Amino acid sequence: MVSHDEIQAALSARLDGEPLLVDASVVDAHLAQCEECQRFWERSLALGRSLGLADVDAAVAPPDLSEVILAGVSDPWRKLAQRRMVTLAIGRVALMAMALVWAAWAVLPVAAAGAPDPVSTSFASVRFGVALALGLSAWRPSQVPGVLLVVGTMFTFTAGFAVRDAILHIGEFSAGLVVVPLLTSLALVWTWAADRGIEVRRAWALLNANPQ
């Protein structure tokens, strides 16, 4: 570890045009992040100018390392931002796909029935409303929590009825009533996590109590 005294001695040698006892790159890297040595360097330059030393203005100034440092820092952040955008795009596409599924789920049964009854019409209205909400969530991911609350509740109720019917062996329960809300909930959670900047792999590791 190079001390401040060694760096300042090297800076004085640089100002006097003498050979440096410390590698120039080490001096420049230390000077870029050490305020104490920066103040020493500025005082030395000011003193040299006041004494009229000819080689003060010709002294080699330390290179600007900000671009190198920022490049090293910004590259991981750039990659993280790109992954977030890709993940968010996948979520939005999934929401639009599920919106089409809900819209078809609303229209097709009514069209097939020919003369729809009030119950089927009510179901169709709810499903079409969910389709519109999913389209809005794909456009504005900030709306996902409210839609997720509705779809999650629908999934919970339908899954509960499906389990009841399976245990009691009563009626025939359509798998779509469970699968469609489940897939929709997963798409909503995915999009919400991507919009919030939560990396899916990292979130899964935290949920599994494995931060590595």
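Look a little higher up for the structure.
Computed from a prediction, not measured in an experiment: that's the story for all the values here.

Asks: Looking at this structure, how should I read the overall build of the protein?
Replies: Scanning the protein for helices and strands turns up eight helices and zero strands. Reading the secondary structure of the protein in the N-to-C direction produces α-α-α-α-α-α-α-α. Of all intrachain contacts in the protein linking residues separated by at least 6 positions in sequence, the fraction that spans at least 24 positions is 64%. Working note: accessible area of the protein is about 14000 Å², and carbon and sulfur atoms make up 67% of it.

Asks: So what exactly am I meant to see when it comes to the environment of Val-93 here?
Replies: Note that Val-93 resides in helix 4 (residues 66-113). Val-93 sits in the exposed class, given a relative accessible area of 57%. Separated by 45 residues in sequence, Val-93 and Ala-138 have C-alpha atoms that sit 7.4 Å apart.

Asks: Can you help me understand the nonpolar core in this one?
Replies: Core analysis: the biggest nonpolar cluster contains 16 residues, and Leu-95, Met-98, Trp-102, Leu-134 and Leu-188 have the highest contact counts within it. For this core, the secondary structure elements donating two or more residues are helix 4, helix 5 (118-139), helix 6 (144-168) and helix 7 (176-195). Counting residues per element, this core draws most heavily on helix 4, at six residues. Setting aside anything within four residues of it in sequence, one finds Met-98 in contact with Leu-134, Val-180, Leu-183, Thr-184 and Ala-187. Judged by nonpolar contacts, the second largest core, of twelve residues, contains Leu-11, Leu-15, Val-27 and Cys-37.

Asks: I keep staring at helix 7 and nothing clicks. Help me out?
Replies: Since the α-helix packs 3.6 residues into each turn, any two residues three or four apart lie on the same face. Taking 1.5 Å per residue as the helical rise, helix 7 with its 20 residues ought to reach 28 Å, and the 28 Å between its terminal C-alpha atoms agrees with that figure. Every buried residue of helix 7 is accounted for by Val-178, Val-180, Pro-181, Thr-184, Ser-185, Ala-187, Leu-188, Thr-191, Ala-193 and Ala-194.

Asks: What's the story with the packing of aromatic side chains in this structure? I'm lost.
Replies: Per the stated rule, a full pass over the model turns up one aromatic pair. Judged by centre distance (5.1 Å) and plane angle (65°), the ring pair of Trp-102 and Trp-105 falls under edge-to-face. Of this pair, Trp-102 and Trp-105 both sit in helix 4, separated by three residues, roughly a single helical turn. Each member of the pair, Trp-102 together with Trp-105, is buried. The ring of Trp-105 carries Arg-127 above its face, with NZ or CZ at 4.0 Å from the centroid.

Asks: Explain a nonpolar patch on the surface here, please?
Replies: A surface patch of nonpolar side chains, about 380 Å² in accessible area, is lined by Val-163, Ile-167, Leu-168 and Ile-170. On the accessibility criterion, Val-163 (49% relative accessible area) is partly exposed.

What counts, and at which threshold
- Residues numbered from 1 in each chain as written.
- Predicted model: local features only at pLDDT ≥ 70, side-chain atom pairs only at ≥ 80, totals over all residues.
- Heavy atoms only, no water.
- Helix = DSSP H or I, 4+ residues; strand = E, 2+ residues; numbered from the N terminus.
- Contact = heavy atoms within 4.5 Å.
- Areas by Shrake-Rupley, 256 points an atom, 1.4 Å probe, with all protein chains shown as cover.
- Buried < 20%, exposed > 50% of the residue type's maximum accessible area, 1.4 Å probe, protein only.
- Core = buried A, V, L, I, M, F, W, Y, C linked by side-chain atoms within 4.5 Å.
- Expected span 1.5 Å × (residues − 1).
- Phe/Tyr/Trp six-rings, centres within 6.5 Å; stacked < 30°, edge-to-face > 60°.
- Lys NZ or Arg CZ within 6 Å of the ring centre and 35° of its normal.
- Patch = residues over 30% accessible without salt bridge, like charges linked within 9 Å, V, L, I, M, F, W, Y side chains within 5 Å.
- Salt bridge = Lys/Arg side-chain N within 4 Å of Asp/Glu carboxyl O.

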